[in-house]
Structure formats: C-alpha cells, structure tokens
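# Working through the structure, step by step
Here are the chains, one letter per residue:
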Amino acid sequence: MDASRLNPRQKEAVFHGDGPLLIVAGAGTGKTRTLAFRIARLVSDGVPPDQILAVAFTNKAADELRGRVRSILRGKGSPPPISTFHSFGVRVLRQDAERLGFKRNFTIYDTSDQLSVMREVARESHVVGRDLDAKKLLWIISRAKNDGVAPDPGDGSDEYRLLAAQLYPRYAAALRAYNALDFDDLLLMTLRLFRDEERVLRAWKKRARHILVDEFQDTNHVQYDLVRLLAGRSGNLTVVGDDDQSIYGWRGAAPGNIHGFVRDWPQTKVITLDQNYRSTCTILTAANAVIENNPHRRPKNLWSDLGEGVPVTVLACRAGEDEASAVVERIVSLIAEKRCRGGDCAVMFRTNAQSRLFEDALRRAGLRYVVIGGMRFYDRKEVRDLVAYLSCLHNPRDEVSLLRILNYPPRGIGRETVHRLQAASLAGGRPLVEVMKGAASVEGVAERQAGAVTGFLARVEEMRRWFRPGSLAEATRRLVGAVGLEEALLRSVKDRDAGHRKVENVREVVSALAAFERGEPRADLGDYLAAANLSGREDESEEPAADSVVLLTVHAAKGLEFRHAFLAGFEEGLFPHERSCLAPGGLEEERRLAYVGMTRAMESLTITYTGERTRWAREVVCEPSRFLAELPEDAVRFEQASAAEGPGDAEDEARIAGEYLARIRSRL
Ligand code: ATP
Ligand code: MG
C-alpha cells in the first residue's frame, strides 16, 4: 500500500487505530478515497476481510469502492465484501428470517409488487375509490418505516394519513402471507432481529469487527440504529460524510445523524479535510457561494490548488430543444479538440424526464451515451414476467408473481376463475397456491378451467426440479422454451423489431444468470433473485463505456466526478423543484442538490437554463433559477446559446436569450 498518495490528515484517518472515527469534510476532499485506503490498511494489517463490514450508498458506489480497494491492495489480500445497507439486510435475513416468522426463501417486493399488494388490500377493505393513489399510501408507510415507527393516523384531517395508518396492518399481513419483504423491511426486519435476538446480534457483531460507512449524511434512522447496535459502545466504526451533501431527506435521511454521532460515541476522533482534489478554484468558489446561502450550516473552508481554470459558464437558451443542442454542440467540440472522451462529459438534470431531449440531440450528433437511472433493465415488462416465473419457482407462496404468470402466456385461465380462486383463498385463509391445487372443488370454477389451473401447477412443479445450483441459466433457457415466452412476445407487438428487442431482453436474463453463476457457482435461485432485485432498484444501469456521454440525475451523480460537467434546467420550479420546495427545509435540500451537482465538475462546469420549456405536455415560460443569482459574478461567464447551436430563427433566439441574460444579471 502506497500511503504517500495521502495528505497528512487523510493518513491520520487511514492509520487511526481502534475506536470510533468521523471524517466530516466537503466535496472532493478524498473521503471515499480515505475510506478505501483505510479498508486496504485493515486488510494489510491482517484483519480477515469477513470481519470488515463496509457500506456504500448504492450498488454502483459499492462496486467502485471495491475496485479502489483492490487496486490499492495490488494483489496483496482480497477486498472485503462491500454492501449497501439493503444487501447487508438480505444477507442477515437469508440466515435468520425464520425467527421473524418468514421463510428464508422470502421474495423481495419492489415498488410495483408493493402497489399490487396495496391495491388488493384497499379493495378487500372496501376502500375502493377509483382514484385512490396507492403510491401515496405506500410513500407514507415507507416514511414511517424508515423512521422506525408505525404510520400515524394524525388528527383525521389528512385522509391519506388516516388511510395509511388503517391499511398498514393489512398490508404487512399480506406481505407476511406471501412470504415477501419490501425494501424498507430489509432494513427494519434486520433491526428487529438484532434487537430481539441477542444471539443473532452477537454473531453479526463478530463479523462486523470493523464497520465503515460512506455517505453517512444520507443514512436514515433505521440505518443509524443498525450501525449503533452492531458497533456497540466502543465500536470500531468509521463514518464519512458531508452535511452539505445530504440530499435524501425526502426518503427519510436524517442529516442530524452525522452530528448525533459524536453524542453517541463521545470518544470519537473527528477528522476534517479541507483540500479539494477534484475541482478548479473557480468551480469551488462558485459552489461555495451557492451553499453559503443555506442557513444553519457549519461553515467550511474548502480550497483547491488545481489553479483558477476557466470560468463557470452560464448558458441562456431559448427552449429545451436549444438547450440540448447547445450542450451537445459543446461536447462535440470538446471531443473534436481532443480535450476529452465522451465518458469524461456528463449532463446532469433535476428530473428523469429531462433526459429525452439530450438523448435525441446526442443521437443526432452520432455520439454514444448512457442514461444512468433511465428505464431500468429489470423494470421492463418482459423481464419482470420472466423474473416472476423464477420467483414463483423459488417461493410458491409469492402471490403477486403467481398472479402475474398464471395466465401469461395465455393458457385459457380467465379473470373470473382467478377471482374465484382468490376469494376462496381469502375466505379459507389458505395460500392461493394451495387453493389452486384443489381448483376443481372451488365454487364457480368450471371443470376445464380447473384443469388448466392444475395443469399449470404440474408444469411449475416439473420446472422447479430443473433448477439446481450450477444449472440455473440452463434451466431458465428451458423454461423460456417450455412456456413459449418468446413466441408470446413476438405475437404481442406488431412491430417485429420491437418484438425482437423484447426477446433479446429475455435472453439477456439468461446471460445475466450465466454470468452470475460463473461468479457464484454454489448460488441458488434465491441468491440470484436477491441480487437481481437489488441491482435493478437503484439509479444505475450498465457500466458506462469510456466513450459514452453520461446522462443522469443529480441524485444519481452523488459521489461521482466528471472532467466536464453540464447542469441543465436551472429554472425556478424545476431546480429548485416546485414540489420539493413545499416541504419544510425543501429549498435548502434543493440548494444542497445544486451544490452536489456543481462539485462533480473537475475542469469545466456549464450551467444552462431556458426561456421556455415543455413540461407536462404544456409550453411554460421559465424564470432563471434563484441559484443562478447566487453565483459570484467574477467566477462566471454569461453566454447565450448561439444561433448556430440551435435550430430556429437566429435573430429571435438571440433576442430572447439576451433578455434572459439581462434579467439574470439584474438579479445579481
Ligand atoms: P464526494 O464528497 O463528492 O463524495 P469525496 O470526498 O469522497 O467526494 P473522493 O471521491 O474520494 O472525494 O476524491 C475526489 C478526487 O480527489 C478523486 O479523484 C481522488 O482520487 C482525488 N484525491 C483525493 N485525495 C487525494 C490526494 N491526497 N492526492 C491526490 N488525489 C486525491
Ligand atoms: Mg465520496
């Protein structure tokens, strides 16, 4: 390990002995790098890798951290498993879920599975209402779970709060009956297990002799409690974070955790870092000026010796399309001048929907790109259908998956029959799959239909026997053929190409399984499903290639860095986002988000805004974001998208952009 690549305070953190350590420092100061070195240092000192619990915020961040540790170790020792909190929960629960009344082969329900359950529960409880917003109910439930409490009905004036509190016990009971856990449960049930089962906690404490957590500012209460239980009073716990980058308050993150840390572990060694190794001085000056507008923050003294660099460009554009063309035009010049490759450039935006215009412009320019957090692979219908088959084979009680595939591809089992079976299951309190076995005796189910149902079950039983560790991919290939999934897909769409793309996605699952099996030859179907469920969940997709321009939301950009960063859509209502500003502290969180976006840039930062934009299928006139007015004038160069960069009437365009330019200047 070459510690000469660390500054004195980073070194101090890396070589800090036992006991709690908190690194609280600004963006780009090497927090993640220090964490990687510290993990490598522990391994070099002979700590067995399986006694180190390292936690990153997303699977992508975990992969990156693992890569960094591996390269620091240079073959001298292997990196420990690096988890997210959720994947750690899966590991714990796969061993001991039975103590909580679940089976170990539980299924993990994602948002769309949860929605099915919630709608079902609402229907059963006679809360029919066609307009019922099940997502909103789940959101309320999730917030409560992340705070570690049951949903609170409030004083009754908020209909949804009341409903969420009423329906929650039924929702939880349904998941239990299906032997399924939702994402929040992965944390909550793990915490419950640790709290209630002394022996389990003790066993995991042994396997978590050293705990290290990145991006600690975005942990929620449940995650904090997990860490607290595992680390114990005097624990060997290293956490790193930056309170200015807390951007998940809307998902229950509690930035106070970073300050509470010193209260819970009074003997904590606190190390601050203030040299930023990522960005030019100009970029830092601009980012610092914006974040300084947040009240109640602890001042930081972030500096860089990477030189002044070029000014931050604020680019005024006429409309959304012009913004996309202007940004892509600039990326094309950067690449043409050989100043970078596509992958060195990122376009960040506040909302997912903004990506399409940039995708179109990049395609027109013939540039490759990746969308991180776009339509995720495991969200595609054909992929979900196949995964539902696998899930049913693994956990026969997984009712959501069972219903998904019961008549897909169509095998003559009608909706009416399905409803009768469900009703019988509900009335008798028996799992649906059990009721299906005796379909012929269920009232109202015709003989032919009952035959189709039992035939289907027999088929499932037969297929289940194909799945053995080491033959998962092969068994899945057989399954796809046996149930005729590909034919059904080709029949389902008129456009042959679209049909083939779907078929390719199905085959991609088989390839994914084969790759998974090569890495983990002893894994069973449940292990694969857990991995697939988790990796499909986050703001991430395939690994970006070095030549692909990266498109992503600012949330997904956390922890990353790019030589040339473009931040789009700095307009009131969009960034800061109008909806987020309604919540208390919302505007401050939006400002932190702007700060996170700006501090991703290494060499150049371009911020764009438009005079008008199509939102929700309507043209809206846009005001420049208040964050633009917070930029220091001497660090910024104002420009307007030139006529050459966008289509449309050149004179008109220049005039409109000029007007906006004047307006934003007048606000400074
Ligand atoms: P963020 O707050 O955005 O997560 P961070 O504090 O985790 O940032 P890193 O990503 O670890 O920062 O580091 C930022 C950049 O600075 C990386 O490219 C890293 O390699 C580099 N860096 C950090 N410390 C040093 C150092 N001592 N010498 C040279 N480069 C460094
Ligand atoms: Mg980091």
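My aim in this report is to walk through the structure given alongside it, one point at a time. No experiment lies behind these values; they were computed from the predicted model shown.

## Brief notes about the overall build of the chain
Along the backbone of the chain there are 28 helices and 16 strands. Over its C-alpha trace the chain gives a radius of gyration of 27 Å, about what one expects of a compact globule, namely 26 Å for 668 residues. Burial analysis of the chain (668 residues in total) assigns 55% to the buried set. Within the chain, counting contacts between residues at least 6 apart in sequence, those at least 24 apart form 78% of the total.

## Brief notes about the sheet that holds strand S3 (residues 82–83)
Hydrogen bonding along the main chain pairs the strands of a sheet, whether they run parallel or antiparallel. Taken in spatial order, the six strands of this open sheet run S3-S2-S6-S7-S1-S8, and their pairing is parallel. Each of the sheet's edge strands pairs with one partner strand only, and the pair in question is S3 and strand S8 (269–271). Bridge analysis of strand S2 (residues 52–55) against S3 gives two bridges, and the strand direction is parallel. By the bridge assignment, Val 55 is partnered in S3 with Ser 83.

## A short note on the site of ligand 1
Around ligand 1, 20 residues are found, and the nearest of them are Lys 31, Thr 32, Gln 245, Glu 561 and Arg 600. Gly 28 has a polar backbone atom sitting 3.0 Å from an oxygen atom of ligand 1. Between ligand 1 and Arg 600 there is a distance of 2.7 Å, counted from an oxygen atom to a side-chain nitrogen or oxygen. Taking 640 Å² as the accessible area of ligand 1 by itself, protein coverage stands at 86%. The element contributing the most residues to the shell around ligand 1 is helix H2 (residues 31–44), with three residues. Here the residues of the shell around ligand 1 sort into three nonpolar, nine polar and eight charged. Two domains each donate at least three residues to the shell around ligand 1, and these are domain 1 (8–90 + 188–275) and domain 3 (284–375 + 543–666).

## Some thoughts on the packing of aromatic side chains
Going through the model one piece at a time under the given rule, you end up with eleven aromatic pairs. Measuring from ring centre to ring centre gives 6.3 Å for Tyr 224 and Trp 265, while their planes differ by 65°; the resulting arrangement is edge-to-face. One end of the pair, Tyr 224, is in helix H10 (residues 221–231); the other, Trp 265, is in the loop between helix H11 (256–264) and S8, and 41 residues separate them in sequence. We classify Tyr 224 as buried; its relative accessible area is 7%. By way of ring pairs, the aromatic residues Phe 216, Tyr 224, Phe 261 and Trp 265 are connected into one cluster. When the ring centre of Trp 204 is taken as reference, the NZ or CZ atom of Arg 207 above it lies at 4.2 Å. Positioned over the ring face of Trp 466 is Arg 478, at 3.9 Å from the centre of the ring.

## Some thoughts on the nonpolar core
Counting residues in each nonpolar core, the largest one holds 50 residues, and the members touching the most others are Leu 390, Leu 421, Met 436, Phe 456, Phe 467, Leu 479 and Tyr 528. With eight residues, the single largest contributor to this core is helix H15 (residues 381–394). Membership of the second largest hydrophobic core comes to 44 residues, among which are Ala 27, Ala 253, Ile 291 and Ile 372.

## Focus: a positive patch on the surface
Together, Arg 5, Arg 33, Arg 68, Arg 74 and Lys 76 make up a region of like positive charge exposed at the surface. Mapped onto the elements of the fold, Lys 76 is located in the loop between helix H3 (59–73) and S3. Lys 76 sits in the exposed class, given a relative accessible area of 63%.

## Some words on the pairing of strand S13 (residues 562–567)
In terms of residue burial, S13 counts as a mostly covered element, since five of its six residues are buried. In this sheet, S13 lies alongside strand S10 (residues 345–349) in parallel orientation, the contact comprising four bridges. Bridge assignment links Val 347 to a residue of S13, and that residue is Phe 566. Two elements, S13 and strand S14 (residues 601–615), share five bridges in a ladder whose sense is parallel. Paired with Phe 562 across the strands is Ala 601, a residue of S14.

## Side note on the environment of Arg 99
Relative to the helices and strands, Arg 99 is located in the loop between helix H4 (85–96) and strand S4 (107–109). Of the residues examined, Arg 99 reaches a relative accessible area of 38% and is grouped as partly exposed. Put simply, Arg 99 and Leu 605 are 506 residues apart on the chain and 52 Å apart in space, counted from C-alpha to C-alpha. With residues near it in sequence (within four places) discarded, Arg 99 still touches Leu 193, Glu 197, Arg 199 and Val 200. There is a polar contact of 3.1 Å between the side chain of Arg 99 and the side chain of Glu 197.

## Topic: the side chain of Asp 398
On the secondary structure map, Asp 398 appears in the loop between H15 and helix H16 (399–406). No salt bridge is formed by the buried Asp 398; the nearest opposite charge belongs to Arg 384, separated by 9.1 Å. Contact partners of Asp 398, with chain neighbours within four places excluded, come to Thr 107, Tyr 109, Tyr 178, Ser 391 and Cys 392.

What counts and what doesn't
- All residue numbers here refer to positions counted from 1 along the written sequence of the relevant chain.
- Working convention: letters from A go to chains and numbers from 1 go to ligands, in the order in which they are written.
- Reporting of local features is limited, given that this is a predicted model, to residues whose pLDDT is at least 70; pairs of side-chain atoms are given and counted only at 80 or more, and all residues count toward the totals for whole chains, interfaces and linings.
- Side-chain measures here rest on the full set of heavy atoms in the structure, leaving out hydrogens and waters.
- Segments assigned H or I by DSSP are reported as helices when at least four residues long, segments assigned E as strands when at least two residues long, and all are numbered from the N terminus.
- Radius of gyration here is computed from C-alpha atoms only, and the compact-globule reference equals 2.2 Å multiplied by the residue count raised to the power 0.38.
- Partly exposed residues are those whose accessible area sits between 20% and 50% of the maximum for their type, while under 20% is buried and over 50% is exposed, using a 1.4 Å probe and protein chains only.
- In this analysis, two residues are considered to be in contact whenever any of their non-hydrogen atoms come within 4.5 Å of each other.
- Pairs of strands are assigned from DSSP output, requiring at least two bridges between the strands.
- To be near a molecule or strand, a residue needs just one of its heavy atoms within 4 Å of it.
- Two N or O atoms count as a polar contact when they lie within 3.5 Å, although within protein this holds only if one can serve as hydrogen donor and the other as acceptor, and sequence-adjacent residues are included solely when both atoms are side-chain atoms.
- Here the accessible surface of atoms and residues is derived via Shrake-Rupley with a 1.4 Å probe, and residues count as covered only by protein chains that are part of the display.
- Gly counts as polar in this scheme, as do all residues outside two lists: the nonpolar Ala, Val, Leu, Ile, Met, Phe, Trp, Tyr, Cys and Pro, and the charged Asp, Glu, Lys and Arg.
- For each domain, the first and last residues come from an automatic or database assignment.
- Each Phe, Tyr or Trp ring, with Trp reduced to its six-membered ring, pairs with another whose centre is within 6.5 Å; inter-plane angles below 30 degrees give stacked pairs, above 60 give edge-to-face pairs, and intermediate values give tilted ones.
- In this analysis the charged atom, NZ for Lys or CZ for Arg, is taken to sit over a ring once it is within 6 Å of the ring centre and within 35 degrees of the ring normal.
- Take the buried Ala, Val, Leu, Ile, Met, Phe, Trp, Tyr and Cys residues and link them wherever side-chain atoms come within 4.5 Å; each set so joined is a nonpolar core.
- Only residues above 30% relative accessible area that lack a salt bridge enter a patch, with like-charged residues linked at up to 9 Å and the nonpolar side chains Val, Leu, Ile, Met, Phe, Trp and Tyr linked at up to 5 Å.
- The term salt bridge refers to a pairing of a side-chain nitrogen on Lys or Arg with a carboxyl oxygen on Asp or Glu at a separation within 4 Å.
- The charged-residue count follows a simple rule in which Lys and Arg add positive charge and Asp and Glu add negative charge, with His and chain termini not counted at all.
- The atoms used to mark charge sites are NZ of Lys, CZ of Arg, CG of Asp and CD of Glu.

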